[in-house]
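Residue strings, one per chain:
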Amino acid sequence: MTYLAEGLRLETNALDYTLLGIYFVVVLGIGFAARASVKTSLDFFLSGRSLPAWITGLAFVAANLGATEILGMAANGAQYGVYTVHWYWVGAIPAMVFLGLVMMPFYYGSKVRSVPEFLLHRFGPSSHLLSSVIFAVSAVLIAGVNLYAMAIVLEALLGWEQWVAIVIAGFFVLAYITLGGLSSAIYTEVLQFFVILAALIPLTIVGLKHVGGWGGLSDKLTSSQGEAFTTAWDGTGIGSDNPLGANWLTIVLGLGFVMSFGYWTTNFAEVQRALSAKNMSAGQRTPLIAAFPKILIPMVVVVPGLIALVMEPTIGTEENGLQYNDAIPLLMRDLLPNGVLGIAVTGLLAAFMAGMAANISSFNTVFTNDIYAPYVKKDQPDEHYVLTARVVTVVGVLIGMGTAFIASTFSNIMNYLQTLFSFFNVPLFVVFIIGMFWKRTTPAAGFWGLLSGTAAAMVNYFYFYKQGVIDIPSDQGANFVSSIVAFVVGALVMVVVTFVTKPKPVEQLAGLVYGTVSPGMAEAPAEGDDAWYRRPALLGWGAIILAAACYVPFSF
Amino acid sequence: MNDKQNDQNATGDGAVPDTAHDPAAHIQEVEDLERRSNTAARLFDVRRIIGGLFVVYGVIVTVAGILASDEDLDKAEGININLWTGLGMLALGVFFLVWLRLSPTIPPPPPEEAAAESGDPLVK
């Protein structure tokens, strides 16, 4: 995360702060009210597996709609133009549909409480412990990065000292998660989803009017940035030059297949929302319901990025000190009057807190359920684990706050860290996909596939790319290539190791491998879930078709 | 308290059994936790919170829109954005409250009944 420019200070007044204050009170209220619902560890970690699909679906999309995502994707819009839609339509959507239609039956049906726990059942303790530790460490560090990013944004926008923002936001997240567990995290995410839309929609409307509508916007961008800037695929031929530094093959394979599938199907901060759904049908529909808002989000995130580029053509250059990350704050400053401005500040702050809360609530689950309970202190009564999870939440937030303070002195290192952790998802995805579809895959193959894939991605990024051994024009392009490398290396190692080690007996794989069924999967759909509009296949394919249709206006 | 202890003894162990590699034991353990879970019975409905917050926000921002100064209007390209956003939020808030009114949360069956229901298929 980079520093925001000076001079972005918003003219907030008492009205805006009132709106912000109301939000804080409501969030705290959710925590206290949700406390009564926490009786068992399952309540704390997975809301007792009892939530309806529309709530888990909106929480699923909101957990990803953190402020770093919003500011970052607007920044990509200003920097790379309409290419940014690839992150949504070729990136997120197919992966979310795959999660819902293909993977959720195994996740939900096997009744695992976390993504690493699936590895325990499918492969055994070594890959379980490895992925749990990696996940726990990265979740808490990324929570710290989020907190730090928020602190610099609030410092620029509101003039708050960095430590004030870190302590206030950290305290609220700590309070409501410790009290209500995942239920308060999910409820707050649903609320945040609507508040952030109430902020971004007016921003986009006023912004579009300012630049003369969509027609005016694309005319101005075409004349200043060239023809390809407002199209999705122009200039992505192999060997041709474009701002993204990637060609159609790395976009489709690297971003679309490997990176996005890795992120959306194995990132527990996301999958946890689907696991808390009340039945198999609701679990499957969680990512599918999330896919529809996700298709439309570029309209209120990427478009403001484009508008910012027209309003401040020098954004991202040395000239006036404005950076691409400033795109949305810039529009807020120049276009929103007090009132809506307060909603926008609240939405941004809510998004930061929700992003952090998603990390913390998945961290306390993995730490307690996958590290502490099986390997540190076994066979305690359930109450002991609920208490542990609460203590771990406090510790996690405190470490996150500490990380944020450290990050403020090493902002580049934190950028590296975040890239680094993005590498862990792809090898995890390889291990899942091969383990789910190939019965023979052995426990040893799971462990070595995970380790070698991660190592390969790091070698590619830090040696081949950073040392300039191979020539990739941009960081984004390098991330796409690292993912493909991690996928191929992990897959090869798994195949080789499988052939020289002993597989698990077939009877232990029921409900974990494609073609087998666990007792939970046979469960009949609940009343009303057989309605046509709730059929997962229809929702999934509908989302794919809609995403493909969205490409049409930007492709010809 | 005693009840809970017995529950756990019945499944043979605490939250994470030694037999974690045995899928049947794991599934039984999670089902037991699901039976004792309190969320379905005690968790309030989020529609009430969304509805309430957006009605309050809607009213405040709409009033700000009605009282908008010329400066406010100029800043937002002549659109009274507070008014429209306020009305939009108000409508969303009312929608959630009406939805809650029309289809309230269905109270879950009492614990014993639920336990018996989900227990049956296992016996079969």
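Residues numbered from 1 in each chain as written. Chains lettered and ligands numbered in written order. Predicted model: local features only at pLDDT ≥ 70, side-chain atom pairs only at ≥ 80, totals over all residues. Heavy atoms only, no water.

### Considering the interface of chain B and chain A
Accessible area lost during the coming together of the parts is what is often quoted as the interface size. Note the cut-off: By the convention used here, residues are in contact when the closest approach between their heavy atoms is within 4.5 Å. Buried area is understood as the total, over both parts, of accessible area removed when two parts are fitted together, assessed with a 1.4 Å probe. Should a side-chain nitrogen of Lys or Arg be within 4 Å of a carboxyl oxygen of Asp or Glu, the pair is scored as a salt bridge. N or O atoms within 3.5 Å of each other form a polar contact, as long as, within protein, one can give a hydrogen and the other can take it, and as long as residues adjacent in sequence are counted only when both atoms are side-chain atoms. Secondary structure elements follow DSSP: runs of H or I no shorter than four residues count as helices, runs of E no shorter than two count as strands, and numbering proceeds from the N terminus. Three classes are used, and their members are as follows: Ala, Val, Leu, Ile, Met, Phe, Trp, Tyr, Cys and Pro are nonpolar, Asp, Glu, Lys and Arg are charged, and the others, Gly among them, are polar.
Listed as interface residues are 50 residues of chain B and, on the opposing side, 64 residues of chain A. The junction of chain B with chain A conceals about 5100 Å² of combined surface from both sides, 68% of it contributed by carbon and sulfur atoms. At the surface where chain B touches chain A, the tally comes to four salt bridges. Here Glu29 of chain B ties to Arg113 of chain A by a salt bridge, and the two come within 3.1 Å at their closest N and O atoms. Viewed at the interface, chain A and chain B are joined by eight residue pairs in polar contact (both at pLDDT 80 or more). For the side of chain B that touches chain A, the elements supplying multiple residues, two or more each, are helix 1 (2–11), helix 2 (23–36), helix 3 (39–42), helix 4 (46–66), helix 5 (70–75) and helix 6 (81–102) of chain B. Ranked by the residues each element gives to the side of chain B that touches chain A, the list is headed by helix 4 of chain B, at eleven residues. Here the side of chain B that touches chain A is built from residues that sort into 28 nonpolar, nine polar and 13 charged.

### Some thoughts on the confidence of the model for chain B
Residues and elements named next belong to chain B. To be explicit about the condition: You can read pLDDT as the predictor saying how much it trusts each residue, on a scale of 0 to 100.
For chain B, the average pLDDT comes to 72, and 66% of its residues sit at 70 or higher. This model gives residues 1–20 a pLDDT under 50, and the stretch forms 35 contacts once residues within four places in sequence are excluded. The low-confidence segment residues 111–124, where pLDDT is below 50, has five contacts with residues more than four positions distant or belonging to other chains.

### Description of unusual backbone geometry
Leaving glycine aside, a negative phi is the common case for residues, and trans is the common case for peptide bonds. Residues and elements named next belong to chain A. To keep things clear, this is the line we draw: Burial status follows relative accessibility: with a 1.4 Å probe on protein chains alone, a residue under 20% of its type maximum counts as buried, one over 50% as exposed, and anything between as partly exposed.
Positive phi is not limited to glycine here, since Lys111 has a value of about 60 degrees. Judged by its relative accessible area of 6%, Lys111 is buried. For Asp379, which is not glycine, the phi torsion reads 55 degrees and is therefore positive. Checked against the element boundaries, Asp379 lands in the loop between helix 15 (340–376) and helix 16 (382–407). Using a relative accessible area of 36% as the deciding quantity, one classes Asp379 as partly exposed.

### What about a negative patch on the surface?
Basically, it comes down to this: Here a patch means residues that are over 30% exposed by relative accessible area and free of salt bridges, tied together within 9 Å if like-charged and within 5 Å if nonpolar (Val, Leu, Ile, Met, Phe, Trp, Tyr). Residue exposure ignores everything except the shown protein chains as possible cover, and the areas themselves are Shrake-Rupley values with a 1.4 Å probe. Just so you know, the count uses Lys and Arg for positive and Asp and Glu for negative, and it drops His and the chain ends. Taken as the charge location is NZ of Lys, CZ of Arg, CG of Asp or CD of Glu.
A surface patch of like charges, here negative, comprises Glu11 of chain A together with Asp70, Glu71 and Asp74 of chain B. With respect to the helices and strands, Glu71 of chain B occurs in helix 5. Judged by its relative accessible area of 60%, Glu71 of chain B is exposed.

### Thoughts on the packing of aromatic side chains
Our working rule: Stacked, tilted and edge-to-face are the three classes assigned to paired rings of Phe, Tyr and Trp, where Trp is represented by its six-membered ring and a pair needs centres within 6.5 Å; plane angles under 30 degrees give stacked, over 60 edge-to-face, the rest tilted. Whether a charge lies above a ring is judged from NZ of Lys or CZ of Arg, which has to be within 6 Å of the ring centre and within 35 degrees of the ring normal.
Taken as a whole and judged by the stated rule, the model has 32 aromatic pairs over all chains. When the centroid spacing of 5.0 Å and the interplanar angle of 90 degrees are considered together, the rings of Tyr263 of chain A and Trp264 of chain A count as edge-to-face. Assessed through its relative accessible area of 25%, Tyr263 of chain A is described here as partly exposed. Pairwise contacts between aromatic rings join Trp54, Phe193 and Phe194 of chain A together with Phe54, Tyr57, Phe95, Phe96 and Trp99 of chain B into one cluster. Arg49 of chain A extends its terminal NZ or CZ atom over the ring of Tyr108 of chain A, reaching a point 4.1 Å from the ring centre. Here the guanidinium or amino end of Arg122 of chain A rests over the ring plane of Phe123 of chain A, the centre of that ring lying 4.8 Å away.

### Points about the domain arrangement of chain A
Residues and elements named next belong to chain A. Test applied: Here the bounds of each domain stem from an automatic or database domain assignment.
Domain annotation of chain A identifies domain 1 (14–33 + 41–409 + 524–554) and domain 2 (417–503). For domain 1 and domain 2, the distance between their C-alpha centres works out to 24 Å. Tallying the contact residues gives 39 residues for domain 1 and 34 residues for domain 2. Both faces considered, domain 1 and domain 2 share a buried interface measuring about 3100 Å² in area, 81% of it formed by carbon and sulfur atoms. When the area that domain 1 buries against domain 2 is broken down by residue, the three leading residues are Arg122, Phe123 and Val258, summing to 19%. The tally of links between domain 1 and domain 2 comes to zero salt bridges. On the surface where domain 1 and domain 2 come into contact, there are four residue pairs in polar contact (both at pLDDT 80 or more).

### Quick notes on the pattern of salt bridges
Per the stated rule, a full pass over the model turns up ten salt bridges over all chains. Note that Glu69 of chain A is salt-bridged to Lys294 of chain A, the shortest N-O span being 3.5 Å. Note that Glu69 of chain A is positioned in helix 4 (residues 67–80) and Lys294 of chain A in helix 12 (residues 280–296), a separation of 225 residues in sequence. Here the two residues Glu69 of chain A and Lys294 of chain A agree in accessibility, since each one is buried. Counted as one network, the salt bridges with shared partners bring together Arg49 and Lys111 of chain A together with Glu31 and Glu34 of chain B.

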